[in-house]
Amino acid sequence: MCSQQVLNAEKEGHLASLRVSIQETVMSVDFQSCFIYMLLCLFSIVCYTLVFKKPKDSRGCDLPPSPPSLPIIGHLHLLLSSLSHKSLQKISSKYGPLLHLRVFNIPIILVSSASVADEIFRSQDVNISSRGAAAIDESLVFGSSGFVYAPYGDYWKFVKKIIVTKLLRPQVLERSRGVRAEELQRFYNRILDKARKNENVEIGKEATMLMNNILCRMSMGRSFSEENGEAERVRGLVGESYALAKKIFFASVLRRPLKKLGIPLFKKDIMDVSNKFDELLEKILVEHKEKLDEEHKDTDMMDVLLAAYADENAEYKITRNHIKSFFVELFVGGTDTSVQTTQWTMAEIINNPDVFERLREEIDSVVGTSRLIQETDIPNLPYLQAVVKEGLRLHPPFPLLTRKFQEWCEIKGFYIPEKTFLVINAYAWMRDPDSWEEPNEFKPDRFLGSSRLGQEDEREEAQKYIPFGGGRRGCPGSNLASVFIGAAIGVMVQCFDWGIKGDKVDMEETFEGLTLTMAHPLKCTPVPRSLSFL
Ligand code: HEM
């Protein structure tokens, strides 16, 4: 072989090894990209399944979209978070106003916009007129003899009729006006007393006494005595019931599977509070019955319920537990809602001095400075009404409303299976930027006709505003509550200037119990104005 041939052979050999190494490199590059490609595919499938794919029900119809969930527990963590209304609001602004969630295998529909909720209230009012089963049947606190968890049926209709005719009918409200005026005067006296002693006032505590006394005197003709500690005991029990709220909610949602497994979730905690209420109310019922027998009266709600209990031919045969549950729910549901609204609204007023000044000017010009404001003044005080409405819009005591679909239905083209829980995020709904201008700002003017954007009609406004819920299970006490909250705010603005620690009231929220409350309860120092009746 000549030297040229040797050279060529070497070259060939190099080229061959180069080819092999290039081939190997290409193969390895192909394999890597193929691997990356496969990973991307897998990732996309997971994303699609978790985020975009609409879950299907057993009939193969589309359920509303569902945000990513955790294995086994589903979306439980969102509902358990301490500010669940906010975590749900965040999820809805990302994934849409109508979502399908699950807690274990229990389906929940989450609604966060006015248009979707309005469609549900309009087309499904009867279908969603039950809240599901009570957590613990025998409990007086939201148990199955109560009104709040009563299915839409004969018992619910019977009690609703009593509430409307014996507590809230205009003639009855007129008769009980004296009671509210007396309690308002006592509320004012207590604040004045503290102002003169230069003491702080805890607005929530004062408002609790006011609202509790009003509701008790209106419904059972007496208030709980402050002297023998009875009132403090009731306030304590109401507080304990609030603390149980989340437990009651989960025990009620998970009731069926847990029952099958024989797990009585939170039963001991719930029954402890229920038993204490039972003891207290049994005593009151006995006293009331004796008084009724002596005086042959038939006026307040307790009289009517006791009469129905004793009447063999009553329209609905009620038990003693029905009566006790009714009062427990009235104290628990009616008091704190009004107390929290008073507290939040007062905090907003203090943080907005221009609102305070305008409110005082309105009260001075309508009521004058020679007498205390009364609830009969409220229809003539549109700005005060707007302030209370705005307080309720920003701080609804019940940020989440819960119901249950009894039958399957279709909403916005999606299939909703029967027995699905419905959670309406009233908080998100009333801060929806598509419905409200500057939704997070305290602007009572938005409720004054002349400045309403585009002059929306009343129906449109009602559609956007749901602190009292909606449909036939909406709050029956809304008008009464607005009146006594308005009167309480009116007294505080008419008669006192208010000092606070620091420049602004801390508006941090907490939602550990039944209602949305201030994480730092409002404490401030009243300074009496120089008014002729002070
Ligand atoms: C600011 C005060 C109040 C607020 C924000 C409020 C809010 C609510 C809300 C959101 C509901 C549930 C509605 C739904 O599911 O759609 C409700 C139910 C109820 N409220 Fe009120 N409430 C207040 C005061 C009162 C008062 C003073 C009473 C008593 C007279 C009362 C009695 C009731 C009753 C009995 C229910 C149950 C209705 C049913 O299940 O059919 N509320 N309330």
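Shown above is the structure to which this text applies.
What you see as residue numbers is a count from 1 along each chain, following the sequence as written. At least 70 in pLDDT is required for a residue's local features to be given in this predicted model, at least 80 for side-chain atom pairs to be given and counted, and no such filter applies to totals for whole chains, interfaces and linings, which use all residues. Hydrogen atoms and water are omitted, and side-chain values are computed over all heavy atoms in the structure.

### Observations concerning the overall build of the chain
For step 1, the next point in the chain: Helical segments are the DSSP runs of H or I of at least four residues, strand segments are the runs of E of at least two, and each set is numbered from the N terminus. Looking only at helices and strands, the chain features 19 helices and eleven strands.
For step 2, the next point in the chain: Buried residues in the chain amount to 51% of all 534 residues.
For step 3, the next point in the chain: Only heavy atoms matter for contacts: two residues are in contact if any of them lie within 4.5 Å across the pair. For the chain, restricting intrachain contacts to residue pairs at least 6 apart in sequence, the fraction spanning at least 24 positions comes to 72%.
For step 4, the next point in the chain: Looking at the chain as shown, the accessible area adds up to about 25,700 Å², and 56% of this sits on carbon and sulfur atoms. For every residue, the accessible area (1.4 Å probe, protein chains only) is compared with the maximum for its type, and the residue is labelled buried under 20%, exposed over 50%, or partly exposed between those bounds. What sets the accessible areas is the Shrake-Rupley method with a 1.4 Å probe; for residues, cover comes only from the shown protein chains.

### What about the packing of helix H15 (residues 353-367) against helix H19 (residues 478-495)?
For step 1, the next point in the chain: Fitted lines through C-alpha atoms serve as axes, helices being fitted only where they are in contact, and the angles separating the N-to-C directions of these axes extend from 0 to 180 degrees. The contact between H15 and H19 brings their axes to 9 Å, and the two run at 95°. Between H15 and H19, the crossing angle belongs to the class labelled roughly perpendicular. Along the contact surface, H15 presents Phe356, Leu359, Arg360, Ile363 and Val367, while H19 presents Ile489, Gly490, Val493 and Gln494.
For step 2, the next point in the chain: Only Asp, Glu, Lys and Arg are considered charged, only Ala, Val, Leu, Ile, Met, Phe, Trp, Tyr, Cys and Pro nonpolar, and every remaining residue, Gly among them, polar. Of the residues belonging to the contact of H15 with H19, the class tally is six nonpolar, two polar and one charged. An angle counts as roughly parallel when it lies under 35 degrees, as roughly antiparallel when it exceeds 145, as roughly perpendicular when it falls between 65 and 115, and as oblique in every other case.

### Concerning the coordination of the iron atom of the ligand
For step 1, the next point in the chain: Coordinating donors are taken as N, O and S atoms within 2.8 Å of the metal, stretched to 3.2 Å for Na, K and Ca; because water is absent from the atoms, sites can appear incomplete. Looking at the iron atom of the ligand, one finds just one donor atom contributed by the protein, Cys475 (SG), at 2.3 Å.
For step 2, the next point in the chain: As for its placement among the helices and strands, Cys475 is situated in the loop between helix H18 (458-464) and H19.

### Some details on the sheet that holds strand E1 (residues 98-103)
For step 1, the next point in the chain: Whether two strands pair comes down to DSSP finding at least two bridges between them. Spatially, the four strands line up as an open sheet ordered E1-E2-E7-E4, and their pairing is mixed. Since the sheet does not close on itself, it has two edges, and those belong to E1 and strand E4 (400-404), each with one partner. Pairs of neighbouring strands in the sheet enclose a mean axial angle of 25°, with direction left out of account.
For step 2, the next point in the chain: In the packing of helix H4 (residues 114-124) onto the sheet, contacts are made with E1, strand E2 (106-111), E4 and strand E7 (421-425), and the angle to E2 comes to roughly 115°.

### Some words on the site of the ligand
For step 1, the next point in the chain: Being near a molecule or strand, for a residue, means having at least one of its heavy atoms within 4 Å of it. As a structural note, the neighbourhood of the ligand is formed by 26 residues, with Arg131, Trp156, Arg403, Arg473 and Cys475 the closest of them.
For step 2, the next point in the chain: Take Trp156: an N or O atom from its side chain is 2.8 Å from an oxygen atom of the ligand.
For step 3, the next point in the chain: Counting residues per element, the ones that place at least two in the shell around the ligand are helix H5 (154-168), helix H14 (320-351), E4 and H19.
For step 4, the next point in the chain: With five residues, H14 is the single largest residue contributor to the shell around the ligand.
For step 5, the next point in the chain: Here the residues of the shell around the ligand sort into 15 nonpolar, eight polar and three charged. In the analysis that follows, any N or O atom pair within 3.5 Å is treated as a polar contact, provided that within protein one partner can donate a hydrogen and the other can accept it, and provided that, for residues neighboring in sequence, both atoms belong to side chains.

### Quick word on the sheet that holds strand E11 (residues 523-528)
Across a sheet, paired strands are connected by hydrogen bonds in the backbone, their directions being either parallel or antiparallel.
For step 1, the next point in the chain: Read across the open sheet, the three strands follow the order E3-E11-E8; overall the sheet is antiparallel. Edge positions in the sheet fall to strand E3 (201-202) and strand E8 (496-499), since each has one partner strand and no second.
For step 2, the next point in the chain: Note: E3 against E11, two bridges, orientation antiparallel. From the neighbouring strand, Val201 faces E11, where its bridge partner is Cys524.

### A short note on the packing of H14 against helix H16 (residues 382-394)
For step 1, the next point in the chain: Between H14 and H16, the least distance of the axes is 9 Å, while the angle of their chain directions is 105°. Judged by the inter-axis angle, H14 sits roughly perpendicular to H16. Within the contact between the two elements, H14 uses Thr341, Thr345, Glu348 and Ile349 and H16 uses Val387, Val388, Gly391, Leu392 and Leu394.
For step 2, the next point in the chain: Looking at the contact of H14 with H16 residue by residue, the classes come out as five nonpolar, three polar and one charged.

### What to know about the nonpolar core
For step 1, the next point in the chain: Nonpolar core, defined: a set of buried Ala, Val, Leu, Ile, Met, Phe, Trp, Tyr and Cys residues in which side-chain atoms within 4.5 Å join the residues together. Residues Phe277, Phe327, Phe331 and Trp498 are the most contacted members of the largest nonpolar core, which totals 133 residues.
For step 2, the next point in the chain: Among the elements that make up this core, the one with the highest residue count is H14 (13 residues).
For step 3, the next point in the chain: Look past the residues within four positions of Trp498 in its chain and what remains in contact with it is Ile191, Val201, Ile203, Met346, Ile350, Phe356, Met492, Cys524, Thr525 and Pro526.
For step 4, the next point in the chain: Within the second largest apolar cluster, 22 residues are counted, among which are Val103, Ile106, Leu110 and Leu400.

### Things to note about the environment of Leu401
For step 1, the next point in the chain: Among the secondary structure elements, Leu401 is positioned in strand E4.
For step 2, the next point in the chain: Leu401 sits 45 residues away from Phe356 along the chain, and the two C-alpha atoms are 31 Å apart.
For step 3, the next point in the chain: With residues near it in sequence (within four places) discarded, Leu401 still touches Leu422, Val423, Ile424, Ala426, Ile466 and Gly469.

### Points about the packing of aromatic side chains
For step 1, the next point in the chain: Here the aromatic set is Phe, Tyr and Trp, taking the six-membered ring for Trp, and pairing holds for ring centres within 6.5 Å; pairs whose planes are under 30 degrees apart are stacked, those over 60 apart are edge-to-face, and all others are tilted. A full pass over the atoms with the stated rule returns twelve aromatic pairs.
For step 2, the next point in the chain: The interplanar angle of 45° and the centroid separation of 6.4 Å between the aromatic rings of Phe327 and Phe331 together place this pair among those described as tilted. Residue Phe327 and its partner Phe331 are located together in helix H14, separated by four residues, close to a single helical turn. The same class applies to Phe327 and to Phe331, which are both buried.
For step 3, the next point in the chain: An aromatic cluster is defined as three or more aromatic residues linked by ring pairs; in this entry it consists of Phe147, Tyr152 and Trp156.
For step 4, the next point in the chain: In this scheme, Lys NZ or Arg CZ marks a charge over a ring once it lies within 6 Å of the ring centre and within 35 degrees of the ring normal. Between the NZ or CZ atom of Lys157 and the centre of the ring of Tyr152, over which it lies, the distance is 5.1 Å.
For step 5, the next point in the chain: Taking NZ or CZ as reference, Lys389 lies 5.4 Å from the ring centre of Tyr465, over its face.

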